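Structure assessment
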Amino acid sequence: MVAELTYPEVGSTRHGPLPGGYHHLRHRYPLPGGCFETAADAVLSWRLHRAAGVRIRTDAPRATTGVLVTAGLGVGPARLWGPCQVVWSADSPTLAGFGYGTLPGHPERGEEAFEVVRDDTGAVWFEVRAFSLPDRWFTRAGGPVVRAVQHAYAWWLGRTLRRLCAGR
């Protein structure tokens, strides 16, 4: 079941090009060799997001299609909550991750994907892909600052996942 998502291009972070008319984010971060299983579990179990300092409220222990999740970024009363629903998930020997889409009340509208990929050479990568537009007055007012925060967040997730892999 898909809740009332705030954008029509559901699943676009998984297949095909990101849709036009949105801001796009693409980030690829190398991970240590041999850490695919550890990284995949961290992404799918919400461990990555929690280790990165994100508050996670979810109705399931793992990211699978249909799961509701609300991520909180910030501190105290300045924390912003973003309700989402997982719109696709993958868990194979070469690809593990998920994409979630925004629900009403999220400060943005669009979709974001978090994937761990093992390529043909055996190298392991963490990838973040997203498309979004501001959906609240304060994200519209933030303009390029909001986009810079999104890029910094993707980089921070990659760094955090690398640290989790090193501590396996």
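The structure this text deals with has already been given above.
Residues numbered from 1 in each chain as written. Predicted model: local features only at pLDDT ≥ 70, side-chain atom pairs only at ≥ 80, totals over all residues. Heavy atoms only, no water.

1. So, the nonpolar core
L31, F98, V116, F126 and L161 are the most contacted members of the largest nonpolar core, which totals 37 residues. For this core, the secondary-structure elements that each account for two or more residues are β1 (23-31), α1 (36-44), β3 (68-73), β4 (80-91), β5 (95-102), β6 (108-118), β7 (124-134) and α3 (137-166). Beyond its immediate chain neighbours, meaning those up to four positions away, L161 contacts L31, A39, A42, V43, L48, V116 and F126. Judged by nonpolar contacts, the second largest core, of 11 residues, contains L5, A90, L103 and L133. (Core = buried A, V, L, I, M, F, W, Y, C linked by side-chain atoms within 4.5 Å. Buried < 20%, exposed > 50% of the residue type's maximum accessible area, 1.4 Å probe, protein only. Helix = DSSP H or I, 4+ residues; strand = E, 2+ residues; numbered from the N terminus. Contact = heavy atoms within 4.5 Å.)

2. Quick notes on the sheet that holds β5
One open sheet holds the seven strands; their spatial order is β1-β7-β6-β5-β4-β3-β2, and the pairing between them is antiparallel. Single-partner strands in this sheet number two, and they are β1 and β2 (55-58). On average, adjacent strands in this sheet sit at an angle of 20° to one another, irrespective of strand direction. Pairing of β3 with β4 involves six bridges; the strand directions are antiparallel. Bridging across to β4, T70 finds its partner in P83. Strands β1, β3, β4, β6 and β7 of the sheet are contacted by α3, whose axis makes an angle of about 15° with β1. (Pairing = 2+ DSSP bridges. Axes fitted to C-alpha atoms, helices over the stretch in contact; angles between N-to-C directions.)

3. Some thoughts on the pattern of salt bridges
For the coordinates displayed, the defined rule picks out six salt bridges. For the salt bridge of R118 with E37, the shortest nitrogen-to-oxygen distance reads 3.5 Å. Pair noted here: R118 is in strand β6 and E37 is in helix α1, with a separation of 81 residues, a long-range link. Classification of R118 as partly exposed rests on a relative accessible area of 26%. Put simply, R109 and D135 hold a salt bridge, and the shortest N to O gap is 3.7 Å. Of this pair, R109 sits in strand β6 while D135 sits in the loop between β7 and α3, placing them 26 residues apart in sequence. Relative accessible area serves as the criterion here: at 27%, R109 is assigned to the partly exposed category. A single network of salt bridges, built from pairs that share partners, joins R28, E115, E127 and R129. (Salt bridge = Lys/Arg side-chain N within 4 Å of Asp/Glu carboxyl O.)

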